[in-house]
Amino acid sequence: MQLSKELSAIVTGGASGLGGATAKALASHGVKVSIFDLNEAVGAKHASDIGAKYYKCDVTNEASVDAAFAASRKDNGVERILINCAGIGIAKRITRKNKDTGVIEPHDLASFTKTIQVNLIGTFMMIAKAAAGMQTLTPLNADGERGVIINTASVAATDGQIGQVAYSASKGGVLGMTLPIARDLAQSGIRVCTIMPGLFLTPMFDTLPDEAKQSLAASVPFPSRLGHPSEYASLACHICENGMLNGEAIRLDGAIRMAPR
Ligand SMILES: NC(=O)c1ccc[n+]([C@@H]2O[C@H](COP(=O)([O-])OP(=O)(O)OC[C@H]3O[C@@H](n4cnc5c(N)ncnc54)[C@H](O)[C@@H]3O)[C@@H](O)[C@H]2O)c1
(Lines give C-alpha, C1' and ligand atoms only; values in the text may rest on other atoms or scores of the structure.)
Protein backbone atom coordinates (compact mmCIF):
# COMPACT_ATOMS: atom_id res chain seq x y z
CA MET A 1 0.00 0.00 0.00
CA GLN A 2 1.05 3.57 -0.64
CA LEU A 3 1.58 5.49 2.62
CA SER A 4 -0.62 8.57 2.52
CA LYS A 5 -3.10 10.70 4.43
CA GLU A 6 -5.87 8.34 3.30
CA LEU A 7 -4.59 5.72 5.76
CA SER A 8 -4.72 5.44 9.50
CA ALA A 9 -2.27 3.48 11.65
CA ILE A 10 -2.06 2.28 15.24
CA VAL A 11 1.38 2.01 16.81
CA THR A 12 1.57 0.29 20.22
CA GLY A 13 4.55 1.30 22.31
CA GLY A 14 4.59 4.36 20.07
CA ALA A 15 5.59 6.73 22.87
CA SER A 16 9.29 5.95 22.60
CA GLY A 17 12.04 3.90 21.02
CA LEU A 18 11.27 1.80 17.95
CA GLY A 19 7.53 2.50 18.08
CA GLY A 20 8.17 6.22 18.61
CA ALA A 21 10.37 6.39 15.51
CA THR A 22 7.85 4.41 13.46
CA ALA A 23 4.96 6.65 14.52
CA LYS A 24 7.07 9.64 13.42
CA ALA A 25 7.99 8.09 10.06
CA LEU A 26 4.36 7.16 9.28
CA ALA A 27 3.15 10.64 10.27
CA SER A 28 5.79 12.19 8.00
CA HIS A 29 4.10 10.34 5.08
CA GLY A 30 0.78 11.94 6.09
CA VAL A 31 -0.65 8.78 7.70
CA LYS A 32 -3.08 9.47 10.58
CA VAL A 33 -1.22 7.89 13.49
CA SER A 34 -2.70 6.69 16.80
CA ILE A 35 -0.17 5.99 19.53
CA PHE A 36 -1.34 3.31 22.02
CA ASP A 37 0.94 3.34 25.05
CA LEU A 38 0.89 3.02 28.84
CA ASN A 39 3.14 6.01 29.33
CA GLU A 40 0.76 8.97 29.18
CA ALA A 41 3.22 11.82 29.73
CA VAL A 42 5.76 10.68 27.13
CA GLY A 43 3.11 9.38 24.72
CA ALA A 44 1.01 12.55 24.68
CA LYS A 45 4.09 14.76 24.22
CA HIS A 46 5.50 12.63 21.39
CA ALA A 47 2.09 12.52 19.66
CA SER A 48 1.79 16.28 19.80
CA ASP A 49 5.39 16.72 18.52
CA ILE A 50 4.80 14.57 15.43
CA GLY A 51 1.16 15.40 14.64
CA ALA A 52 -0.24 12.09 15.92
CA LYS A 53 -2.91 11.28 18.54
CA TYR A 54 -2.24 9.57 21.85
CA TYR A 55 -4.55 7.01 23.48
CA LYS A 56 -3.69 5.61 26.89
CA CYS A 57 -3.66 1.85 26.54
CA ASP A 58 -2.43 -1.17 28.44
CA VAL A 59 -2.08 -3.95 25.86
CA THR A 60 -2.58 -6.58 28.59
CA ASN A 61 -6.01 -5.23 29.56
CA GLU A 62 -8.87 -6.00 27.16
CA ALA A 63 -11.13 -3.18 28.38
CA SER A 64 -8.31 -0.68 27.95
CA VAL A 65 -7.52 -2.02 24.46
CA ASP A 66 -11.20 -1.89 23.44
CA ALA A 67 -11.54 1.70 24.67
CA ALA A 68 -8.41 2.79 22.78
CA PHE A 69 -9.60 1.11 19.55
CA ALA A 70 -13.03 2.76 19.86
CA ALA A 71 -11.53 6.22 20.44
CA SER A 72 -8.93 5.87 17.67
CA ARG A 73 -11.49 4.61 15.13
CA LYS A 74 -13.84 7.46 16.01
CA ASP A 75 -11.07 10.02 15.43
CA ASN A 76 -9.07 8.47 12.57
CA GLY A 77 -11.30 5.77 11.06
CA VAL A 78 -10.51 2.05 11.08
CA GLU A 79 -6.78 1.45 10.87
CA ARG A 80 -5.19 -0.05 7.75
CA ILE A 81 -1.86 -0.45 9.58
CA LEU A 82 -1.04 -1.96 12.97
CA ILE A 83 2.52 -1.81 14.32
CA ASN A 84 3.06 -3.75 17.55
CA CYS A 85 6.03 -2.32 19.45
CA ALA A 86 4.82 -2.35 23.07
CA GLY A 87 7.13 -4.60 25.02
CA ILE A 88 9.10 -5.19 28.19
CA GLY A 89 12.28 -7.08 28.98
CA ILE A 90 13.45 -8.84 32.11
CA ALA A 91 16.70 -10.62 32.99
CA LYS A 92 16.31 -13.73 35.18
CA ARG A 93 17.71 -17.23 34.97
CA ILE A 94 15.55 -20.34 35.30
CA THR A 95 16.98 -20.80 38.80
CA ARG A 96 19.03 -18.59 41.11
CA LYS A 97 20.91 -19.01 44.37
CA ASN A 98 19.49 -16.79 47.11
CA LYS A 99 22.52 -14.81 48.33
CA ASP A 100 21.23 -14.63 51.90
CA THR A 101 20.06 -18.21 52.45
CA GLY A 102 22.14 -20.13 49.89
CA VAL A 103 18.93 -21.89 48.76
CA ILE A 104 18.44 -22.48 45.02
CA GLU A 105 15.15 -20.86 43.99
CA PRO A 106 13.15 -21.37 40.79
CA HIS A 107 12.31 -18.48 38.42
CA ASP A 108 9.16 -16.85 39.84
CA LEU A 109 5.97 -17.36 37.90
CA ALA A 110 4.78 -13.76 38.21
CA SER A 111 7.54 -12.11 36.16
CA PHE A 112 7.44 -14.89 33.53
CA THR A 113 3.68 -14.50 33.19
CA LYS A 114 3.89 -10.70 33.02
CA THR A 115 6.45 -10.84 30.20
CA ILE A 116 4.28 -13.26 28.21
CA GLN A 117 1.22 -11.13 28.89
CA VAL A 118 2.74 -7.90 27.54
CA ASN A 119 4.93 -9.19 24.71
CA LEU A 120 2.94 -12.15 23.41
CA ILE A 121 -0.68 -11.96 24.58
CA GLY A 122 -0.77 -8.16 24.17
CA THR A 123 0.48 -8.54 20.59
CA PHE A 124 -2.04 -11.33 19.92
CA MET A 125 -4.97 -9.29 21.28
CA MET A 126 -4.00 -6.22 19.22
CA ILE A 127 -3.72 -8.32 16.06
CA ALA A 128 -7.07 -10.06 16.53
CA LYS A 129 -8.96 -6.82 17.17
CA ALA A 130 -7.23 -4.87 14.38
CA ALA A 131 -7.76 -7.71 11.89
CA ALA A 132 -11.49 -7.80 12.70
CA GLY A 133 -11.70 -4.07 11.90
CA MET A 134 -9.56 -4.26 8.76
CA GLN A 135 -11.77 -7.05 7.37
CA THR A 136 -14.71 -4.61 7.25
CA LEU A 137 -12.81 -2.22 4.95
CA THR A 138 -12.91 -2.21 1.17
CA PRO A 139 -9.76 -3.36 -0.62
CA LEU A 140 -7.23 -0.65 -1.47
CA ASN A 141 -5.79 -1.97 -4.72
CA ALA A 142 -5.94 -4.58 -7.47
CA ASP A 143 -4.34 -7.19 -5.17
CA GLY A 144 -7.32 -6.85 -2.85
CA GLU A 145 -5.12 -5.54 -0.04
CA ARG A 146 -6.98 -4.34 3.06
CA GLY A 147 -4.28 -3.86 5.65
CA VAL A 148 -0.90 -4.73 7.09
CA ILE A 149 0.22 -5.85 10.54
CA ILE A 150 3.82 -5.64 11.75
CA ASN A 151 5.00 -7.22 14.99
CA THR A 152 8.23 -6.84 16.91
CA ALA A 153 10.00 -9.97 18.06
CA SER A 154 13.75 -9.93 18.71
CA VAL A 155 16.85 -11.89 17.79
CA ALA A 156 16.25 -13.37 21.26
CA ALA A 157 13.36 -15.30 19.68
CA THR A 158 15.99 -17.64 18.25
CA ASP A 159 19.26 -16.83 20.07
CA GLY A 160 18.13 -16.13 23.63
CA GLN A 161 20.92 -15.46 26.06
CA ILE A 162 21.48 -16.53 29.66
CA GLY A 163 18.75 -14.85 31.73
CA GLN A 164 16.38 -14.40 28.78
CA VAL A 165 14.03 -17.35 29.31
CA ALA A 166 10.88 -15.24 29.75
CA TYR A 167 11.78 -12.67 27.10
CA SER A 168 12.82 -15.31 24.55
CA ALA A 169 9.69 -17.37 25.19
CA SER A 170 7.52 -14.29 24.58
CA LYS A 171 9.37 -13.29 21.40
CA GLY A 172 9.51 -16.89 20.15
CA GLY A 173 5.72 -16.87 20.47
CA VAL A 174 5.47 -13.72 18.33
CA LEU A 175 7.74 -15.32 15.73
CA GLY A 176 5.70 -18.55 15.78
CA MET A 177 2.33 -16.90 15.26
CA THR A 178 3.44 -14.75 12.31
CA LEU A 179 2.92 -17.33 9.56
CA PRO A 180 -0.35 -18.87 10.82
CA ILE A 181 -1.93 -15.43 11.25
CA ALA A 182 -0.74 -14.39 7.78
CA ARG A 183 -2.39 -17.58 6.48
CA ASP A 184 -5.59 -16.91 8.47
CA LEU A 185 -5.83 -13.40 7.00
CA ALA A 186 -4.65 -14.10 3.44
CA GLN A 187 -8.19 -14.35 2.05
CA SER A 188 -8.97 -10.95 3.57
CA GLY A 189 -5.97 -9.28 1.94
CA ILE A 190 -4.23 -8.50 5.22
CA ARG A 191 -0.47 -9.06 5.38
CA VAL A 192 1.43 -9.95 8.57
CA CYS A 193 5.18 -9.61 9.08
CA THR A 194 7.49 -9.56 12.10
CA ILE A 195 10.70 -7.62 12.57
CA MET A 196 13.42 -9.22 14.72
CA PRO A 197 15.66 -6.36 15.88
CA GLY A 198 19.19 -6.93 17.13
CA LEU A 199 20.59 -4.17 19.37
CA PHE A 200 18.93 -0.77 18.97
CA LEU A 201 19.69 2.42 20.86
CA THR A 202 16.38 3.10 22.64
CA PRO A 203 15.37 4.05 26.19
CA MET A 204 15.65 0.30 26.98
CA PHE A 205 19.44 0.90 27.00
CA ASP A 206 19.32 4.19 28.92
CA THR A 207 20.44 2.64 32.18
CA LEU A 208 23.52 0.99 30.66
CA PRO A 209 26.86 2.75 31.20
CA ASP A 210 28.61 4.05 28.04
CA GLU A 211 31.24 1.32 28.33
CA ALA A 212 28.61 -1.39 28.19
CA LYS A 213 26.95 0.28 25.16
CA GLN A 214 30.33 0.41 23.39
CA SER A 215 30.96 -3.23 24.11
CA LEU A 216 27.53 -4.21 22.78
CA ALA A 217 28.12 -2.07 19.66
CA ALA A 218 31.49 -3.78 19.08
CA SER A 219 29.75 -7.19 19.07
CA VAL A 220 27.80 -6.29 15.91
CA PRO A 221 29.74 -7.56 12.83
CA PHE A 222 28.73 -4.76 10.42
CA PRO A 223 27.92 -1.99 10.87
CA SER A 224 29.65 -2.20 14.24
CA ARG A 225 27.27 0.00 16.17
CA LEU A 226 23.85 -0.04 17.80
CA GLY A 227 20.91 0.37 15.42
CA HIS A 228 19.04 3.66 15.16
CA PRO A 229 15.28 3.51 15.78
CA SER A 230 14.86 5.30 12.41
CA GLU A 231 16.31 2.18 10.71
CA TYR A 232 13.59 0.04 12.29
CA ALA A 233 11.00 2.65 11.23
CA SER A 234 12.31 2.64 7.68
CA LEU A 235 11.91 -1.17 7.45
CA ALA A 236 8.40 -0.93 8.93
CA CYS A 237 7.42 1.64 6.27
CA HIS A 238 8.94 -0.55 3.55
CA ILE A 239 6.92 -3.57 4.71
CA CYS A 240 3.76 -1.44 4.49
CA GLU A 241 4.61 -0.46 0.93
CA ASN A 242 5.89 -3.80 -0.40
CA GLY A 243 2.88 -5.97 -1.17
CA MET A 244 4.89 -9.18 -1.57
CA LEU A 245 6.22 -9.15 2.00
CA ASN A 246 3.93 -11.45 3.98
CA GLY A 247 4.21 -14.22 6.57
CA GLU A 248 7.89 -13.42 7.05
CA ALA A 249 10.09 -12.57 10.02
CA ILE A 250 13.00 -10.30 9.10
CA ARG A 251 16.14 -9.98 11.20
CA LEU A 252 17.41 -6.39 11.41
CA ASP A 253 20.65 -6.92 13.23
CA GLY A 254 23.92 -6.14 11.38
CA ALA A 255 24.59 -9.94 11.22
CA ILE A 256 24.79 -10.36 15.01
CA ARG A 257 24.21 -13.84 16.44
CA MET A 258 23.89 -13.57 20.19
CA ALA A 259 26.41 -15.49 22.31
CA PRO A 260 25.23 -17.31 25.47
CA ARG A 261 26.09 -14.21 27.54
N1 LIG B 1 15.88 -1.83 21.65
C2 LIG B 1 16.29 -3.01 21.24
O3 LIG B 1 17.48 -3.25 21.06
C4 LIG B 1 15.30 -4.10 20.94
C5 LIG B 1 15.79 -5.30 20.41
C6 LIG B 1 14.90 -6.33 20.12
C7 LIG B 1 13.55 -6.16 20.32
N8 LIG B 1 13.09 -4.98 20.85
C9 LIG B 1 11.65 -4.89 21.05
O10 LIG B 1 11.19 -3.70 20.44
C11 LIG B 1 10.01 -3.23 21.11
C12 LIG B 1 10.19 -1.76 21.43
O13 LIG B 1 11.25 -1.64 22.36
P14 LIG B 1 12.08 -0.30 22.56
O15 LIG B 1 13.51 -0.67 22.58
O16 LIG B 1 11.61 0.73 21.61
O17 LIG B 1 11.69 0.02 24.07
P18 LIG B 1 10.97 1.28 24.75
O19 LIG B 1 10.97 0.93 26.22
O20 LIG B 1 11.55 2.55 24.28
O21 LIG B 1 9.48 1.18 24.19
C22 LIG B 1 8.53 0.28 24.65
C23 LIG B 1 7.22 1.03 24.82
O24 LIG B 1 6.21 0.07 25.18
C25 LIG B 1 5.36 0.68 26.14
N26 LIG B 1 4.69 -0.37 26.92
C27 LIG B 1 5.24 -1.24 27.79
N28 LIG B 1 4.30 -2.03 28.32
C29 LIG B 1 3.11 -1.66 27.76
C30 LIG B 1 1.77 -2.09 27.90
N31 LIG B 1 1.44 -3.08 28.76
N32 LIG B 1 0.81 -1.48 27.17
C33 LIG B 1 1.12 -0.47 26.32
N34 LIG B 1 2.38 0.00 26.15
C35 LIG B 1 3.36 -0.59 26.87
C36 LIG B 1 6.30 1.52 26.99
O37 LIG B 1 5.59 2.53 27.71
C38 LIG B 1 7.24 2.09 25.95
O39 LIG B 1 6.79 3.34 25.44
C40 LIG B 1 9.84 -4.13 22.34
O41 LIG B 1 8.89 -5.13 22.05
C42 LIG B 1 11.21 -4.77 22.50
O43 LIG B 1 11.14 -6.02 23.13
C44 LIG B 1 13.93 -3.95 21.17
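Everything discussed here concerns the structure shown above.
Here the structure is a predicted model, which is why all the values come from computation and not from measurement.

**Regarding the overall build of the protein**
- For the protein, the count of helices and strands is seven helices and nine strands.
- A compact globule built from 261 residues would reach a C-alpha radius of gyration of about 18 Å, and the protein, at 18 Å, matches this within 12%.
- With the principal axes as the frame, the protein shows a C-alpha extent of 60 × 40 × 35 Å.

**Some details on the sheet that holds strand β4 (residues 81-84)**
- Taken together, seven strands build an open sheet; the order of strands is β3-β2-β1-β4-β7-β8-β9 and the sheet is parallel. Of all the strands in the sheet, the pair left with one neighbour each is β3 (53-56) and β9 (249-252). Taking each pair of neighbouring strands and ignoring which way they run, the sheet shows an average axis angle of 20°.
- Bridge analysis of β4 against strand β7 (residues 147-152) gives four bridges, and the strand direction is parallel. Residue N84 lies in a different strand from β7, and its bridge partner there is N151.
- In this fold helix α1 (residues 17-28) packs onto β1 (8-12), β2 (32-37), β4, β7 and β8 (190-197), with an angle of close to 170° to the strand it touches most, β1.

**Observations concerning the environment of V31**
- Positionally, V31 belongs in the loop between α1 and β2.
- Sequence separation between V31 and Q117 is 86 residues, and the spatial gap between their C-alpha atoms is 29 Å.
- In contact with V31, other than residues within four places in its own chain, are L3, K5, L7, S8, A9, L26 and I81.

**Topic: the packing of helix α4 (residues 109-134) against helix α5 (residues 165-185)**
- Relative orientation of the contacting elements α4 and α5 amounts to 15°, with a least axis distance of 9 Å. It follows from the interaxial angle that α4 and α5 lie roughly parallel. Our pair here, α4 against α5, has a crossing hand that is right-handed. Residues S111, F112, T115, I116, N119, L120, T123, F124, I127 and A131 of α4 touch α5, and the partners they reach there are A166, Y167, A169, S170, K171, G173, V174, M177, I181 and L185.

**Brief notes about the site of the ligand**
- Taken together, the neighbourhood of the ligand is formed by 30 residues, with G13, G17, A86, G87 and T202 sitting nearest.
- When its residues are assigned to classes, the shell around the ligand shows 14 nonpolar, 14 polar and two charged.

**A closer look at the nonpolar core**
- A9, V11, V33, I35 and A236 are the most contacted members of the largest nonpolar core, which totals 60 residues.
- In this structure V33 touches A9, V11, A23, L26, A27 and A52, once residues within four positions along its chain are discounted.

**Description of helix α2 (residues 40-50)**
- Turning to α2, its buried residues are G43, H46 and A47. Take α2 and look down its axis: the buried residues cluster within an arc of 100°, on one side only. Exposed residues pointing more than 90 degrees away from the buried face of α2 are listed as A41, S48 and D49.
- Buried positions along α2 lie against α1, β2 and β3.
- G51 sits one or two residues past α2 and shows a positive phi near 80°.

**Let's talk about the pairing of β7**
- Burial analysis of β7 places six of its six residues in the buried class, which makes it a mostly covered element.
- Across the two faces of β7 the burial is the same, with G147, I149 and N151 and V148, I150 and T152 all buried.
- As paired strands, β7 and β8 are joined by six bridges and run parallel to one another. Across the sheet, the residue bridging to V148 is R191, located in β8.

Scoring rules and cut-offs
- Residues numbered from 1 in each chain as written.
- Predicted model: local features only at pLDDT ≥ 70, side-chain atom pairs only at ≥ 80, totals over all residues.
- Helix = DSSP H or I, 4+ residues; strand = E, 2+ residues; numbered from the N terminus.
- Rg over C-alpha atoms; globule rule 2.2 N^0.38 Å.
- Pairing = 2+ DSSP bridges.
- Axes fitted to C-alpha atoms, helices over the stretch in contact; angles between N-to-C directions.
- Contact = placed C-beta atoms within 7 Å.
- Parallel < 35°, antiparallel > 145°, perpendicular 65-115°, else oblique.
- Left-handed = near helix turned anticlockwise from the far one by under 90°.
- Near = placed C-beta within 6 Å.
- Nonpolar A, V, L, I, M, F, W, Y, C, P; charged D, E, K, R; others polar.
- Core = buried A, V, L, I, M, F, W, Y, C linked by C-beta atoms within 7 Å.
- Buried ≥ 20, exposed ≤ 12 C-beta atoms within 10 Å, placed from the backbone.
- Arc of directions from axis to C-beta.

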